[in-house]
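Coordinates in review
Okay, here's what each chain looks like letter by letter:
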Amino acid sequence: MVMRFSDPFEALLNFQKQLDARLASDWLGNSTANMGGYPPINIFQQQDDFVAIVELPGVSKTDLTIEAKEGTLRISGKKTLDYQENASIHRRERLAGRFDRTITLPIRIDPDRIKAEYRDGILALFIPRAETDKPRAIEIE
Amino acid sequence: MAAAKELEVQKKRPVQSSEESTAPVNIFLPTTDIFETEDALSVLVEMPGVEKGNVDISVKDRILTIDGRIDFQKYAGMAPVYTEYNIGNFHRRFSLSNKVDASKIRAEMRDGLLTLTIPKSEEAKAQRIEIS
């Protein structure tokens, strides 16, 4: 499916509304262990498969570890701030530290075929649904 | 060590400005650090999802303006099922003191982090005074 945007502002606004509508939805189940925590995650459905988009600005690829096991994804790593010595601080808003987050997906996935891309501070995890989990058309005999 | 701390989620802050854009889209204030060294002012701006080519930096009347546009067409064909954050463009302005030379600004974008280095003007560099 190719979306066409005649008015980019309106398209962005609509997309922002869609994102708000699914804010902390119950898709991950009601277990509190799944929700919140760093880094923030958005999960999308793309045809049969799923995509998790994670914002990690300023984290370098080498400081990032992703593990997948059955229906569980684990994203861990560290974020460091590079300050020169003797720098005087005018404004400090960015945070540094470790993170370790595990989410359990309510679908059966194929962990061997998960692909990860990291670019511009965004981690995209392409999560294929297990073949056994995909809906099947039943032929009537 | 600061790096041993657990990271917390920082909620995105929408831009509060006197003028509004015509469409009511969310525009966010990027999280920013500013520090000063002996010869320059460094401005570090977090704009996840913004490509190098979609950053605009300008200085006019000593106001530094930073704009970052996300390419949300990358989300075409994707339907959200669970979300924890919203996306949007970034915008932020800072007034610069006349101690820096805005014509010599250097910019670098890496992992969604914009680093601006603004050298201090010659007069503003700290002069060490020897006692005779």
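Each value, and the rule that gives it
Residues numbered from 1 in each chain as written. Chains lettered and ligands numbered in written order. Predicted model: local features only at pLDDT ≥ 70, side-chain atom pairs only at ≥ 80, totals over all residues. Heavy atoms only, no water. pLDDT = per-residue confidence, 0-100. Phe/Tyr/Trp six-rings, centres within 6.5 Å; stacked < 30°, edge-to-face > 60°. Helix = DSSP H or I, 4+ residues; strand = E, 2+ residues; numbered from the N terminus. Buried < 20%, exposed > 50% of the residue type's maximum accessible area, 1.4 Å probe, protein only. Pairing = 2+ DSSP bridges. Contact = heavy atoms within 4.5 Å. Salt bridge = Lys/Arg side-chain N within 4 Å of Asp/Glu carboxyl O. Axes fitted to C-alpha atoms, helices over the stretch in contact; angles between N-to-C directions. Core = buried A, V, L, I, M, F, W, Y, C linked by side-chain atoms within 4.5 Å. Buried area = accessible area lost by both parts, 1.4 Å probe. Polar contact = N/O pair within 3.5 Å; in protein donor to acceptor, adjacent residues only side chain to side chain. Nonpolar A, V, L, I, M, F, W, Y, C, P; charged D, E, K, R; others polar.

This part covers the confidence of the model for chain B. The predicted model of chain B has a mean per-residue pLDDT of 88, with 90% of residues at 70 or higher. The complex prediction reports pTM at 0.85, with the ipTM value standing at 0.85.

Our next topic: the packing of aromatic side chains. Going through the model one piece at a time under the given rule, you end up with five aromatic pairs over all chains. Plain terms: the ring middles of Phe-44 of chain A and Tyr-75 of chain B are 5.2 Å apart, the flat faces sit at 55° to each other, and that makes the pair tilted. With Phe-44 of chain A in strand β1 (residues 41–46) and Tyr-75 of chain B in the loop between β6 (63–70) and β7 (79–82), this pair bridges two chains. Exposure class is identical for Phe-44 of chain A and Tyr-75 of chain B. Each is buried. Pairwise contacts between aromatic rings join Phe-15 and Phe-44 of chain A together with Tyr-75 of chain B into one cluster.

Residues and elements named next belong to chain B. Two strands pair when backbone bridges link them, and strand β5 (residues 50–60) and β6 are joined in this way by seven bridges, in the antiparallel orientation. By the bridge assignment for β6, Val-55 is matched with Gly-68. Here β5 folds back onto β6, and the loop between the two strands holds two residues, one of which, Asp-61, carries a positive phi near 50°. Sheet topology places β6 next to strand β8 (residues 89–95); six bridges connect them, and they run antiparallel. When the bridges of β8 are listed, Leu-64 appears paired with Phe-94.

Moving on: the sheet that holds β8 of chain B. Residue and element names in this part refer to chain B. Judged by pairing direction, the sheet is mixed, and its five strands sit side by side in the order β1-β2-β8-β6-β5 without closing on themselves. Strands with a single pairing partner mark the edges of an open sheet, and in this sheet they are β1 (13–14) and β5. Both β1 and strand β2 (residues 27–29) contribute to a ladder of two bridges, which runs antiparallel. Across the sheet, Pro-14 pairs through a bridge with Phe-28, a residue of β2.

The subject of this paragraph is the environment of Gly-68 of chain B. All names here are of chain B. Mapped onto the elements of the fold, Gly-68 is located in strand β6. Along the backbone, Gly-68 and Pro-30 are 38 residues apart, and their C-alpha atoms lie at a distance of 9.0 Å. If sequence neighbours within four positions are ignored, Gly-68 has contacts with Met-47, Val-50, Asn-54, Asn-89 and Phe-90.

Turning next to the pattern of salt bridges. As enumerated under the stated definition, the model contains 17 salt bridges over all chains in all. Of the charged contacts, one joins Asp-33 of chain B and Arg-94 of chain A as a salt bridge, the two residues approaching to 3.9 Å between their closest N and O atoms. Highlighted residues: Asp-33 of chain B in strand β3 (residues 32–36) and Arg-94 of chain A in the loop between β5 (88–92) and β6 (97–104), drawn from two different chains. Summarising the burial analysis for this pair, Asp-33 of chain B and Arg-94 of chain A share the class buried.

The subject of this paragraph is the sheet that holds strand β8 (residues 122–127) of chain A. The strand order β7(A)-β8(A)-β2(A)-β1(A)-β7(B) describes an open sheet built from five strands, whose pairing is antiparallel. Among the strands making up the open sheet, the edge pair consists of β7 (115–119) of chain A together with β7 of chain B. For this sheet, the mean angle separating the axes of adjacent strands, direction not counted, is 25°. As paired strands, β1 of chain A and β7 of chain B are joined by three bridges and run antiparallel to one another. Across the sheet, residue Gln-45 of chain A finds its bridge partner in β7 of chain B, namely Ala-79 of chain B.

What follows is about the nonpolar core. Core analysis: the biggest nonpolar cluster contains 35 residues, and Ile-53 of chain A together with Val-43, Met-47 and Ile-66 of chain B have the highest contact counts within it. The set of elements that each furnish at least two residues to this core consists of α1 (8–21), β2 (49–55) and β8 of chain A together with β4 (40–46), β5, β6, β8 and β10 (113–119) of chain B. At five residues, α1 of chain A tops the list of elements feeding residues into this core. For Ile-53 of chain A, the contacting residues outside a window of four places in its chain are Pro-40, Ile-41, Asn-42, Phe-44, Ile-122, Leu-123 and Ala-124 of chain A together with Tyr-75, Met-78 and Tyr-85 of chain B. Within the second largest apolar cluster, 26 residues are counted, among which are Trp-27, Val-54 and Leu-73 of chain A together with Leu-7 of chain B.

Right, let's get into the interface of chain B and chain A. The partner chain A presents 67 residues to the 55 residues of chain B that form the contact. Considering only the side of chain B, the residues that lose the most area to chain A are Leu-7, Tyr-82 and Tyr-85 of chain B, jointly responsible for 15% of the buried surface there. For the pair chain B and chain A, the interface holds seven salt bridges. With a shortest N-O distance of 3.0 Å, Lys-12 of chain B and Glu-55 of chain A are connected by a salt bridge. Here chain B is connected to chain A by 33 residue pairs in polar contact (both at pLDDT 80 or more). Those elements that place two or more of their residues in the side of chain B that touches chain A are β3, β4, β5, β7 and β8 of chain B. A total of five residues in the side of chain B that touches chain A trace back to one element, the largest contributor, which is β3 of chain B. Class assignment for the residues of the side of chain B that touches chain A results in 28 nonpolar, 14 polar and 13 charged. In terms of strand pairing, β5 of chain A meets β3 of chain B through four bridges, oriented antiparallel. Among the inter-strand pairings, Ile-89 of chain A is bridged to a residue of β3 of chain B, identified as Phe-35 of chain B.

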